[in-house]
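Listed below, chain by chain, are the residues.
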Amino acid sequence: MNGPDVITKLIAGMQVGDVPDVVHTVTGDRFLVPRAAWNDQLEDVSEVVESQKAEFTETALVSARLYNAKQKKYSYYGVPTKGSSLMNSVWLPLLEEAGFAATDMPGTQDKFYDFFQTVQDKLRSKGKRIFGLGYSMAAKEADAGNLFHQFLVSYGGVGIVTPDGKLNIDDPAVRQAATTTLERLTTPFKKNYVPPGAINWGDVDNNNAFFARQIVMTPNATISIAAAQMDKPDLYYKEIITRGVPLGNDGKPVASVLAIAPTIIPKGSKNVDAAKALLRDFIQPANINAYLKETRARYLPVMASIVKNDPYWTDPKDPHRQVAVDMGLVKPTVPWWMSYNPAYSAVLSEQIWPQAEANITQRNMTPEQATDEAAKRIKQLFEQYQK
């Protein structure tokens, strides 16, 4: 079942009181779990998390520790299972056809993404119908939000919600970061460097456009693009390049927004004790490592010891896996902001920032106007989640 369907079915199950004993949902950390914890719809799984607490990364623990408004307490309402951060997938043959090498890709934010506009221009001059940038810009599913928020952090907006749960969107630096992000994502679209259909893409569609070689590069939430080609050595090892988050425009490292997919036990589960026993066994490092390796490393471990103890994750011959590990487990990471306040889960569910992009690309708003409109609605949502 794909991610959105799991969430839709689980919400329906919670409403009628017919729920599974255990649910793993890839995008639940963003779209459901924080609000379900707030509404006292999840079992407290602290004893499960505590059994391996020393193993989990700090970002994983922060992401799983949520506020229950009915119980008026923070606790662990999800078991961290796997992680992912934004990656950039690039076709090396298309770079070479445009006259460039992999080493020509710049290392800083604006120069990195602008480079692919130059690549498009070069390829178009040869008569090739192609787009340089595969930005997901649809107001649905997860990809557009993933892209927007990593850009937001890159431009200095990491403080949009403070760790104590306060909305900080009127801070001048945050407001400017949001406006800059909207401008940087929508201007290439309006200049025809992004496929027109990107405003309707689901999460799989940028992958499909990449494999069809309709785009030179695409940001993606995991290394799923490369992992899907693991059985084709020429593609996996020689043609697809994976790059992590670029440095900031100032040349300094930028933290990756690290999504932590949780496993939960809904309230109403008929086998809570058995569910907890299953999860305690599942998150033994050896077991969860085996699971993640079977997924072709599309997702990252949330335990640093797994990477340290299993050379699979840092194999120098693999051109993709170690890039993801570097972004998610070595370099700085930040949790998604719904960990601080479930209101931000509502922001994502309403697709407020992708809607702001649509206000610019389809309704002729300026980035400043679109930011103001988004901020107004975000403030309304935060008013609904007061402790």
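The coordinates are above.
### Structural notes on the overall build of the protein chain
- Counting secondary structure elements, the protein chain contains 19 helices and ten strands.
- On the principal axes, the C-alpha backbone points of the protein chain span a range of 65 × 50 × 35 Å.
- The buried share of the protein chain, reckoned over its 387 residues, is 57%.
- The contacts in the protein chain between residues at least 6 apart in sequence include a share of 74% that link residues at least 24 apart.
- As displayed, the protein chain has an accessible area near 16000 Å², and 49% of this comes from carbon and sulfur atoms.
- Measuring between centres, the 42 positive side-chain charges of the protein chain sit 2 Å from its 42 negative side-chain charges.

### Concerning the packing of aromatic side chains
- Here the structure, examined in full by the defined rule, presents 20 aromatic pairs.
- Connected via pairs of aromatic rings, a cluster forms that spans Phe 100, Phe 112, Tyr 113, Phe 115, Phe 116, Tyr 135, Phe 151 and Tyr 155.
- For the cation-ring pair, Lys 387 lies above Tyr 67, with the distance from its terminal atom to the ring centre recorded as 4.9 Å.

### Topic: the pattern of salt bridges
- The full count for this structure, using the stated rule, is 20 salt bridges.
- One salt bridge connects Lys 379 with Asp 170, and the closest N-O pair in it is separated by 2.9 Å. Taken together, the positions of Lys 379 in helix 19 (residues 367-383) and Asp 170 in the loop between helix 8 (143-154) and helix 9 (172-190) put the pair 209 residues apart, joining distant regions of the chain.
- Its relative accessible area of 33% is what places Lys 379 among the partly exposed residues.
- The residue Asp 372 makes a salt bridge to Arg 175 at a minimum N-O spacing of 2.6 Å. Note that Asp 372 is positioned in helix 19 and Arg 175 in helix 9, a separation of 197 residues in sequence.
- What makes Asp 372 partly exposed here is its relative accessible area of 44%.

### A look at the nonpolar core
- Ranked by internal contacts, the top residues of the largest apolar core, which has 125 residues, are Leu 95, Phe 116, Tyr 135, Ile 160, Trp 337, Tyr 344 and Trp 353.
- With residues near it in sequence (within four places) discarded, Tyr 344 still touches His 149, Ile 160, Val 161, Trp 337, Met 338, Trp 353 and Phe 382.

Calculation criteria
- The numbers attached to residues start from 1 for each chain and follow its sequence in the written order.
- Side-chain atom pairs in this predicted model are given and counted only at pLDDT of 80 or more, local residue features only at pLDDT of at least 70, and totals for whole chains, interfaces and linings cover all residues.
- Side-chain metrics in this entry use all non-hydrogen atoms of the structure; hydrogen atoms and water are not considered.
- Under the DSSP-based scheme used, a helix requires at least four consecutive residues in state H or I and a strand at least two consecutive residues in state E, with every element numbered from the N terminus.
- Each residue gets one of three labels from its accessible area relative to the maximum for its type: buried under 20%, exposed over 50%, partly exposed in between, using a 1.4 Å probe on protein chains only.
- Here a residue-residue contact requires only that any non-hydrogen atoms of the pair lie within 4.5 Å.
- Note on areas: Shrake-Rupley with a 1.4 Å probe; residue coverage comes only from the protein chains shown.
- For the purpose of counting charges, residues Lys and Arg are taken to be positive, whereas Asp and Glu are taken to be negative. His and the chain ends are not included.
- For this purpose, a charge sits on NZ of Lys, CZ of Arg, CG of Asp or CD of Glu.
- The rule is short: rings of Phe, Tyr and Trp, with Trp giving its six-membered ring, pair when the centres are within 6.5 Å, and they are stacked under 30 degrees, edge-to-face over 60, tilted in between.
- By definition here, charges over rings are those cases where NZ of Lys or CZ of Arg is within 6 Å of the ring centre and within 35 degrees of the ring normal.
- Each salt bridge in this description consists of a side-chain nitrogen of Lys or Arg and a carboxyl oxygen of Asp or Glu lying within 4 Å of one another.
- Take the buried residues of types Ala, Val, Leu, Ile, Met, Phe, Trp, Tyr and Cys, join any two whose side-chain atoms come within 4.5 Å, and each joined set is a nonpolar core.

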